[in-house]
Amino acid sequence: MQPAREYNFDGLVGPSHNYAGLSFGNVASFSNVKSASNPKEAALQGLAKMRALAGRGFAQAVMPPQARPNFRLLRSIGFTGTDAEVLARAYRESPVILACAYSASPMWTANAATVSPSADTLDGRVHFTAANLNNKLHRAMEHQQAARTLRAIFADAAHFAVHDALPLTPAFGDEGAANHTRFGASHGDRGVELFVYGRVEFDPSAPSPKKYPARQTLEASQAIARLHGLHGERTVFASQNPDVIDQGVFHNDVIAVGNGNVLFYHEQAFADEATVLSPLRTAMAGVGAELNAVRVDTGQVSVADAVSSYLFNSQLLSKPDGSMALVVPHECAENEAVSRYLQGLVAGAGPVNELIDFDLRQSMRNGGGPACLRLRVALTGAEAAAMHQGVVMTEALYATLVAWVEKHYRDQVEPKDLADPQLAIECMAALEDLERILGLPGLYDLA
Ligand SMILES: NCCC[C@H](NC(=O)CCC(=O)O)C(=O)O
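Quick caveat: nothing in here was measured; it's all calculated off a predicted structure.

What follows concerns the overall build of the protein. Counting secondary structure elements, the protein contains 16 helices and 15 strands. On C-alpha atoms alone, the protein measures out to a radius of gyration of 21 Å, which is about the 22 Å that the 2.2 N^0.38 rule sets for 447 residues. Dimensions along the principal axes, computed over C-alpha positions, put the protein at roughly 60 × 45 × 45 Å. Taking all 447 residues of the protein together, the buried fraction comes to 55%.

Structure, rendered in structure tokens:
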């Protein structure tokens with residue numbers, strides 16, 4: 001066993017962050033449609049979280065934003081001419097599609113890919129599969145740049161394998177690490193990977209939601225387990241409770257989070273709790289870990305409170321002494337039931353003995369909490385040394401990125417601003433600068 005650390009790759013919010021109401025089934029996205037966003041504040045809130053966690057000694061890195069507007073999307077559906085003409089016509093004929101082309105949604109890097117650490121895979125490499133995100137137009141093209149970015153950071157084929165997205169069809173709907181959790185005695189030991197899906201393409205009798213879409217299929221989760229070379233005895237597939245999808249739990253990470261041997265979850269998270277916990281417990285026993293299931297009952301926190309506060313969209317981080325900190329959005333302190341629950345949680349004898357609270361309101365208003373904003377990558381010392389170092393969060397990088405944000409970002413974007421050709425020019429200039437800052441020339445295909 002090689003000791004390993006969990007790196008959290010947080011998405012750097014892009015300069016076109018806006019509220020377009022694009023995610024049917026995501027309550028926050030729908031409630032804040034067309035309100036004014038503040039991209040500068042959004043990026044600074046994300047950077048403050050990265051800096052604070054890095055400062056605490058947690059391994060922290062940054063995932064760059066993607067190029068927006070997505071002219072390739074706009075041109076592929078018949079908006080032609082100069083860039084300015086493309087934007088003007090798209091704004092006139094289909095402002096919602098223009099908003100899709102402008103979405104800063106790659107900031108939620110939990111949806112960028114599914115990651116299996118080398119301790120779990122057949123060939124002993126870290127495996128990544130870019131998520132196809134095919135349930136939503138504004139997210140369905142993210143996988144191309146996601147795979148390109150991952151290949152730029154994890155270029156060493158001796159240690160890393162980056163797989164392209166699964167076939168881009170509803171049968172393989174895949175939302176990445178938001179529906180995937182790894183358990184084990186430590187980050188370096190062999191672990192158990194839990195995949196949670198919302199529907200089964202080829203079994204119409206399987207549970208599925210009635211009102212909102214289920215974005216992840218069992219077929220997609222199984223495909224990823226195969227691609228990554230996971231061991232059958234250390235892989236568990238679980239059906240999400242369709243009733244909570246219909247209450248706004250569009251990803252499993254809105255209702256459950258895990259780390260080490262701990263699963264922190266709401267009693268209504270799964271279609272059948274017992275058929276998840278029992279195989280998980282057995283699989284974990286096989287790798288020498290004992291499942292610690294921290295269950296929150298509906299009487300303590302309702303599903304509605306979990307969705308509005310994002311209690312479970314938190315980060316569970318292992319501290320050097322073996323205890324854990326829970327990184328929560330500030331909304332948790334503002335919700336009476338959740339706040340009361342959390343006070344009891346940290347005062348109790350369980351694994352979580354500290355809360356770390358961040359103001360992530362700009363992201364939260366689009367349905368993205370602390371856990372959505374980060375992709376977990378457990379790396380051994382050799383693997384960490386083999387990845388691109390320019391993305392590792394340090395005080396110096398933090399200061400450089402804050403200055404970069406201050407220089408390039410607007411403090412307000414409203415729907416009408418997406419028609420302004422100057423915004424597109426500003427976005428491109430920012431990314432050209434960023435390639436240099438991160439030491440990743442050619443990161444973007446800006447041609
Ligand atoms: N993991 C959190 C993802 C949040 C994301 N929201 C959005 O895309 C909202 C975009 C908008 O409505 O402008 C989603 O639903 O996939």
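Here the narrative resumes, following the displayed structure.
Taking 1.5 Å of rise per residue, the 18 residues of helix H16 (residues 421–438) would be expected to cover 26 Å, and the 26 Å separating its terminal C-alpha atoms lies within 8% of that figure. One or two residues past the end of H16 sits Gly439, with phi positive at roughly 70°.

Attention now goes to helix H2 (residues 39–55). With 17 residues, H2 should cover 24 Å at 1.5 Å per step; its first-to-last C-alpha distance of 24 Å lies within 8% of that length. Residues Pro39, Lys40, Ala42, Ala43, Gly46, Leu47, Lys49, Met50, Leu53 and Ala54 constitute the buried set of H2. Those residues of H2 that are buried lie in contact with strand S1 (4–11), strand S2 (60–63), strand S14 (352–358), helix H13 (361–364) and helix H15 (395–408). A positive backbone phi angle near 95° is found at Gly57, which sits one or two residues after H2.

In the UniProt entry, the feature "active site" (unreviewed entry) is given for Glu175, His251 and Cys372. Over a stretch of 198 residues, the named residues converge on one spot in the fold, their C-alpha atoms separated by at most 11.0 Å. Note that Glu175 resides in the loop between strand S5 (160–163) and strand S6 (180–184). When near neighbours in sequence (up to four residues on either side) are disregarded, Glu175 contacts Asn111, Ala131, Leu133, Arg215, Gln216 and His251. Its location among the elements puts His251 in the loop between helix H8 (242–245) and strand S9 (256–259).

Turning our eyes to something else, we now look at the nonpolar core. Core analysis: the largest hydrophobic core is formed by 138 residues, its most contacted members being Ala113, Ala130, Leu150, Ile255, Phe312 and Leu375. With near-sequence residues (within four places) excluded, Phe312 lies in contact with Val254, Ile255, Ala256, Val257, Phe264, Tyr265, His266 and Ala306.

Turning next to the pairing of strand S3 (residues 113–116). Every second residue of S3 is oriented toward a common face, with Ala113 and Val115 on one face and Thr114 and Ser116 on the other, all of them buried. Bridge count between S3 and strand S4 (residues 126–130): four bridges; the pairing is antiparallel. Its bridge partner being in S4, Thr114 is matched across the sheet by Thr129.

Turning to the sheet that holds S3, a few remarks are in order. Two strands in a sheet stick together by hydrogen bonds in their backbones, pointing the same way (parallel) or opposite ways (antiparallel). On the basis of which strands lie adjacent, the open sheet formed by three strands has the order S3-S4-S5 and mixed pairing. Two strands bound the open sheet, and with one partner strand each, they are S3 and S5. Neighbouring strand axes in the sheet, compared pairwise and without regard to direction, differ in orientation by 15° on average. Taken strand by strand, helix H6 (residues 142–153) contacts S3, S4 and S5, and its axis lies near 160° from that of S4.

Glancing now at the confidence of the model for the protein. In low-pLDDT regions, the fine details of the predicted coordinates are not to be read closely. Residues with a pLDDT of 70 or more make up 100% of the protein, whose mean pLDDT is 97. Taking the mean pLDDT of every element in the protein, the minimum, 91, falls on helix H1 (residues 27–31) and the maximum, 99, on S4. Model confidence for the complex: the whole-complex pTM is 0.98, and ipTM, which rates the interface, is 0.99.

Right, let's get into the packing of H15 against H16. Across the interface, H15 lies against H16 with an axial gap of 10 Å and an inter-helix angle of 165°. As summarised for this structure, H15 and H16 are arranged roughly antiparallel, according to the angle between their axes. By crossing handedness, the relation of H15 to H16 is classed as right-handed. Residues Thr400, Leu401, Trp404 and His408 of H15 form the contact with H16, whose participating residues are Glu426, Ala429, Ala430, Asp433, Leu434 and Ile437.

The environment of the ligand is made up of 20 residues, and the closest members are Ala20, Leu22, Ser23, Ser29 and Cys372. Taken together, the residues of the shell around the ligand break down into eight nonpolar, eleven polar and one charged.

When you line up the elements, Ala131 lands in the loop between S4 and H6. When the C-alpha atoms of Ala131 and Lys416 are compared, they prove to be 30 Å apart, with 285 residues separating the residues in sequence. Contacts of Ala131, omitting those with residues within four sequence positions, involve Asn111, Ala112, Ala113, Thr114, His143, Ala165, Asp174, Glu175 and Gly176.

Strand order across the open sheet formed by three strands is S9-S10-S11, with mixed pairing between neighbours. Two strands bound the open sheet, and with one partner strand each, they are S9 and strand S11 (292–296). Shown here is a sheet whose adjacent strand axes are inclined to one another by a mean of 10°, direction ignored. As defined by bridge partners, S9 adjoins strand S10 (residues 262–266) across four bridges and the pair is classed as antiparallel. Bridged to Ala256 within S10 is Tyr265.

Look at H2 against H15: their axes get within 10 Å of each other, and the N-to-C directions meet at 175°. Here H2 is positioned roughly antiparallel relative to H15, judged by the angle of their axes. Residues Lys40, Ala43, Leu44, Leu47 and Arg51 of H2 touch H15, and the partners they reach there are Tyr398, Leu401, Val402 and Val405. Each residue belonging to the contact of H2 with H15 can be placed in one class, and the counts come to seven nonpolar, no polar and two charged.

Rules and cut-offs
Residues numbered from 1 in each chain as written. Predicted model: local features only at pLDDT ≥ 70, side-chain atom pairs only at ≥ 80, totals over all residues. Helix = DSSP H or I, 4+ residues; strand = E, 2+ residues; numbered from the N terminus. Rg over C-alpha atoms; globule rule 2.2 N^0.38 Å. Buried ≥ 20, exposed ≤ 12 C-beta atoms within 10 Å, placed from the backbone. Expected span 1.5 Å × (residues − 1). Contact = placed C-beta atoms within 7 Å. UniProt positions renumbered as here; feature names shortened; annotations may be inferred. Core = buried A, V, L, I, M, F, W, Y, C linked by C-beta atoms within 7 Å. Pairing = 2+ DSSP bridges. Axes fitted to C-alpha atoms, helices over the stretch in contact; angles between N-to-C directions. pLDDT = per-residue confidence, 0-100. Parallel < 35°, antiparallel > 145°, perpendicular 65-115°, else oblique. Left-handed = near helix turned anticlockwise from the far one by under 90°. Near = placed C-beta within 6 Å. Nonpolar A, V, L, I, M, F, W, Y, C, P; charged D, E, K, R; others polar.

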